[in-house]
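Summary of the model geometry
Chain residues, written in single-letter form:
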Amino acid sequence: MVKQIQDVDEFYEPYDDEDDPLTIFSAPTYFETDEQLVLIAFLMLLEQRYRLMQSMTPQEIVDEVEDIMSSLHTELFETVDSKATNHIRNYFEKILDEFSIPNTNYVAMDTSMLDLMKDSLDNMVNQLNGEIKVKSKFFIDNMSKDTFNLLPNFKRAVQKIVDAVGNNLIHGKEKSKRNVYKFVYGKDKLYRWLCVNDMKTCDWCLYQQSLPPRTIDELPLDHPHGRCTIDPIDYTYSDEYYVMLARGEYATAIQLESEY
Ligand SMILES: [Zn+2]
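All residue numbers refer to position in the chain's written sequence, counted from 1. Residue-level local features of this predicted model are given only where pLDDT is at least 70; pairs of side-chain atoms are given and counted only at 80 or more, and the full residue set underlies all totals for whole chains, interfaces and linings.

**Let's talk about the overall build of the chain**
Which entries qualify depends on this criterion: A helix here means a DSSP run of H or I that spans at least four residues, while a strand means a run of E at least two residues long, and both kinds are numbered starting from the N terminus. In this setup the radius of gyration rests on C-alpha atoms only. A globule is expected at 2.2 Å times the number of residues raised to 0.38. With C-beta atoms placed from the backbone, a residue is labelled by how many other C-beta atoms lie within 10 Å of its own: buried for 20 or more, exposed for 12 or fewer, partly exposed between the two. Working definition of a contact: two residues with C-beta atoms, positioned from the backbone, lying within 7 Å.
Scanning the chain from terminus to terminus reveals nine helices and three strands. Along its sequence from the N terminus, the chain presents helices and strands in the succession α-α-α-α-α-α-β-α-β-β-α-α. For 260 residues, the compact-globule estimate of 2.2 N^0.38 gives 18 Å, and the C-alpha radius of gyration of the chain, at 23 Å, exceeds that figure by more than 25%. In the chain, which comprises 260 residues, the proportion classed as buried is 26%. Summarising the internal contacts of the chain: among those between residues at least 6 apart in sequence, 77% fall at separations of at least 24.

Here it is in structure tokens:
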């Protein structure tokens, strides 16, 4: 298990033979193949910095880490603007096609998740930069350089990239699809939350399914890799129903629903 923050024990952590950079800087297979390709573009940038620093002394790292992290930051952001953006846009255009919407003048893809992705990557680079500086200085002050191991720091950064990029890609696609739904069905359309209903279905999802139909803005996003769907329903409810929904008075809304 990867620790969330660096502690002193980690300064003495030797190289682990099982830590193969080839597997550490790779995308988890629970992502779709095209999502993995986007992730790999980000992870490659990180791996380049890891390999570069492996050939440097702690003193050289202290002197150069700011510049190395600054160029990493720039390239990560460029990759959000190119690879991640294109990935969401391709999916969005596929959904537009499914509904025979000719172009994007009518409805826009979601970009808020790309902003969140940048915020998370920004935090990741800042943390990595800070940790590497502290660790390098500690080695300069206390120890020889031969057990100097930055892999725990980079493993943490890999995990953050997988979460930040992977999850926001998935949510960006889902929110883009919802933008299309809102355009096609109108913002007052109600949807039921549908679970697969098997052993793996969690309590949170079952709870969502137990709630009365809600508008798209009132529906939370599923877990990344979640299997739940939202199903537009054909009939419309009274104004009172919408008032109860907006107030979060779901029991009353269910009562109203049962009267139809
Ligand atoms: Zn669930």
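**Considerations on the sheet that holds strand β1 (residues 190–194)**
To be explicit about the condition: Two strands make a pair as long as DSSP finds a minimum of two bridges between them.
Across the sheet, three strands lie side by side as β2-β1-β3; this open sheet has antiparallel pairing. This sheet does not close on itself; its edge strands, each paired only once, are β2 (214–215) and β3 (229–232). Pairing of β1 with β3 involves four bridges; the strand directions are antiparallel. For Trp-193, the partnering residue across the bridge sits in β3 and is Ile-230.

**Some words on the packing of helix α5 (residues 112–142) against helix α6 (residues 151–185)**
Short version of the rule: Axis lines are fitted to C-alpha atoms, over the contacting stretch for helices. Their N-to-C directions set the angle, which ranges from 0 to 180 degrees. Reported orientations rely on four angle classes, namely roughly parallel under 35 degrees, roughly antiparallel over 145, roughly perpendicular from 65 to 115, and oblique for the rest. Any residue that is not Ala, Val, Leu, Ile, Met, Phe, Trp, Tyr, Cys, Pro, Asp, Glu, Lys or Arg is counted as polar, Gly included; the first ten are nonpolar and the last four charged.
Where α5 contacts α6, the axes come no closer than 9 Å and their chain directions differ by 175°. The angle between α5 and α6 falls in the class roughly antiparallel. Here α5 contributes Ser-112, Met-113, Leu-114, Leu-116, Met-117, Ser-120, Leu-121, Met-124, Leu-128, Glu-131, Ile-132 and Lys-135 to the contact with α6, which in turn contributes Asn-153, Ala-157, Lys-160, Ile-161, Ala-164, Val-165, Asn-168, His-171, Gly-172 and Lys-175. Here the contact of α5 with α6 is built from residues that sort into 12 nonpolar, six polar and four charged.

**What to know about the environment of Phe-42**
Note that Phe-42 resides in helix α3 (residues 33–54). Through-space distance from the C-alpha of Phe-42 to that of Glu-75 is 8.6 Å; in sequence the pair is 33 residues apart. If near-sequence neighbours (up to four positions away) are discounted, Phe-42 is found in contact with Leu-76, Thr-79, Ile-161 and Val-165.

**A word on the domain arrangement of the chain**
Condition: Note that domain bounds follow an automatic or database assignment of domains.
Examined at the domain level, the chain breaks down into domain 1 (8–184) and domain 2 (186–258). Taken together, the contacts link nine residues of domain 1 with five residues of domain 2. Of the residues assigned to the side of domain 1 that touches domain 2, the class counts are three nonpolar, three polar and three charged.

**Observations concerning the packing of helix α4 (residues 58–98) against α5**
Note the threshold: Crossing handedness: left-handed means the near helix sits turned counterclockwise from the far one by under a right angle, and right-handed means the same turn made clockwise.
At a closest axis distance of 10 Å, the pairing of α4 and α5 adopts a crossing angle of 165°. By the angle between their directions, the pair α4 and α5 is classed as roughly antiparallel. When you trace α4 past α5, the crossing you get is right-handed. Class assignment for the residues of the contact of α4 with α5 results in 18 nonpolar, five polar and three charged.

**Digging into α4**
Keep this limit in mind: One axis fitted to the seven residues ending at a residue, another fitted to the seven starting there: the angle between these axes is the bend at that residue.
Taken as a whole, α4 carries its principal kink of about 55° at Glu-64. Of the residues making up α4, those classed as buried are Pro-58, Ile-61, Val-65, Leu-72, Leu-76, Val-80, Ala-84, His-87, Ile-88, Tyr-91, Phe-92 and Leu-96. In this fold, the buried residues of α4 make contact with α3, α5 and α6. Backbone geometry just after α4 places Ser-100 at a positive phi near 55°.

**A few points about the nonpolar core**
To keep things clear, this is the line we draw: Here a nonpolar core is just a set of buried residues of the types Ala, Val, Leu, Ile, Met, Phe, Trp, Tyr and Cys, joined wherever their C-beta atoms sit within 7 Å.
Core analysis: the biggest nonpolar cluster contains 36 residues, and Leu-43, Leu-46, Ile-161 and Val-165 have the highest contact counts within it. Those elements that provide at least two residues to this core are α3, α4, α5 and α6. The element best represented in this core is α4, accounting for 10 residues. Residues contacting Leu-43, with those up to four places away along its chain left out, are Phe-25, Ser-26, Ala-27, Val-158 and Ile-161.

**With respect to unusual backbone geometry**
For Ser-100, which is not a glycine, the phi torsion comes out positive at approximately 55°. Following the sequence through the fold, Ser-100 ends up in the loop between α4 and α5. On the basis of neighbour count, Ser-100 is assigned to the exposed category, with 7 C-beta atoms found within 10 Å. Of note in this structure, His-225 is not a glycine but carries a positive phi near 65°. Counting through the fold element by element, His-225 comes out in the loop between β2 and β3. A count of 12 C-beta atoms within 10 Å places His-225 in the exposed class.

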